[in-house]
Amino acid sequence: MGYWLLKSEPDSYGWDDLVRDGGTEWDGVRNAAAAKHLRAMAVGDDVLIYHSGRDKAAVGLARIARTARPDGEGDRWVSVRVEPVRPLTHPVTLAAMKAEPALTDMAMLRQSRLSVSPIGDAEWQVLMRMAG
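So, a few notes on the structure that sits alongside this text. No experiment lies behind these values; they were computed from the predicted model shown.

**What about helix H6 (residues 121–131)?**
Then step 1. Of all the positions in H6, only Glu 123, Trp 124, Val 126, Leu 127, Met 128, Met 130 and Ala 131 are classed as buried.
Then step 2. Looking at the buried positions of H6, the neighbouring elements they touch are strand E1 (3–8), strand E3 (46–51), strand E4 (57–70), strand E5 (78–93) and helix H4 (94–99).
Then step 3. Positive phi appears at Gly 132, one or two residues downstream of H6, with a value of about 85°.

What follows is the structure in structure tokens.
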């Protein structure tokens, strides 16, 4: 099983929208590294939904419901289906992530502009503990 972090601006499409819709096609990603991560996702992988912008916090747990398919013409860009599981009991802020020594090497903290990033097994356990 894989673990991932998906960033979203809550004003354009956030956790509440995902819950309301019962899931969504995570499309429109136009970064080669992020697209590579989308291609690596498998059905059943767990996902943290992270609100960028003013919130700067992981707010919900979601799951990959369908693997990558083309997004637009050609096969350069892909999308996946994401469905909500539950909100986090305690949102995990960016400040809290940066303050946690066990998360120093987390991809999102090293490449802050990346909208899709992997989370290691040990990092996932720390994040879940932080989220309550």
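On we go from here.
**Let's talk about helix H3 (residues 32–40)**
Then step 1. Turning to H3, its buried residues number three or more, namely Ala 34, Ala 35, His 37 and Leu 38. Relative to the axis of H3, the buried residues are bounded by an arc of 155° and lie together on one face. Exposed residues on H3 whose side chains face more than 90 degrees from its buried face are Ala 32 and Lys 36.
Then step 2. Buried positions along H3 lie against E1, strand E2 (24–26), E4, E5 and strand E6 (116–118).
Then step 3. Sitting at the amino-terminal end of H3 is Asn 31, which places a side-chain oxygen 2.9 Å from the backbone nitrogen of Ala 33.

**Observations concerning the nonpolar core**
Then step 1. Leu 6, Leu 38, Met 41, Ile 49 and Val 82 are the most contacted members of the largest nonpolar core, which has 21 residues in total.
Then step 2. Of the residues forming this core, the biggest block, four residues, is contributed by E4.
Then step 3. Setting aside residues no more than four positions away along its own chain, Met 41 makes contact with Trp 4, Leu 6, Ile 64, Thr 67, Val 80 and Val 116.
Then step 4. By size, the runner-up hydrophobic cluster in this structure holds 20 residues, among which are Tyr 3, Leu 61, Leu 88 and Ile 119.

**Observations regarding the sheet that holds E5**
Then step 1. Read across the sheet, six strands follow the order E2-E5-E4-E3-E1-E6 without closing on themselves; strand pairing throughout is mixed. The sheet is open, and its two borders are formed by E2 and E6, each paired with just one other strand. On average, each strand axis in the sheet is tilted by 40° relative to the strand beside it, whichever way the strands run.
Then step 2. In terms of strand pairing, E1 meets E6 through three bridges, oriented antiparallel. Its bridge partner being in E6, Leu 5 is matched across the sheet by Ser 117.
Then step 3. Contacting E1, E2, E4, E5 and E6, H3 runs over the sheet at an angle of about 60° to E6.

**Digging into the pairing of E1**
Then step 1. Across the six residues that make up E1, a large majority, six, are buried.
Then step 2. Side chains Tyr 3, Leu 5 and Lys 7 project from E1 onto one buried face, and the interleaved Trp 4, Leu 6 and Ser 8 project onto a second face that is buried too.
Then step 3. Sheet analysis places E1 next to E3, joined by six bridges and oriented parallel. In the strand pairing of E3, Leu 5 is matched with Leu 48.

**Quick notes on unusual backbone geometry**
Then step 1. A positive phi angle is found at Lys 56, which is not glycine, with a value near 50°.
Then step 2. Within the element layout of this structure, Lys 56 appears in the loop between E3 and E4.
Then step 3. Accessibility expressed as a relative area gives 42% for Lys 56, which makes it partly exposed.

Cut-offs applied
Residues numbered from 1 in each chain as written. Predicted model: local features only at pLDDT ≥ 70, side-chain atom pairs only at ≥ 80, totals over all residues. Heavy atoms only, no water. Buried < 20%, exposed > 50% of the residue type's maximum accessible area, 1.4 Å probe, protein only. Helix = DSSP H or I, 4+ residues; strand = E, 2+ residues; numbered from the N terminus. Contact = heavy atoms within 4.5 Å. Arc of directions from axis to C-beta. Polar contact = N/O pair within 3.5 Å; in protein donor to acceptor, adjacent residues only side chain to side chain. Core = buried A, V, L, I, M, F, W, Y, C linked by side-chain atoms within 4.5 Å. Pairing = 2+ DSSP bridges. Axes fitted to C-alpha atoms, helices over the stretch in contact; angles between N-to-C directions.

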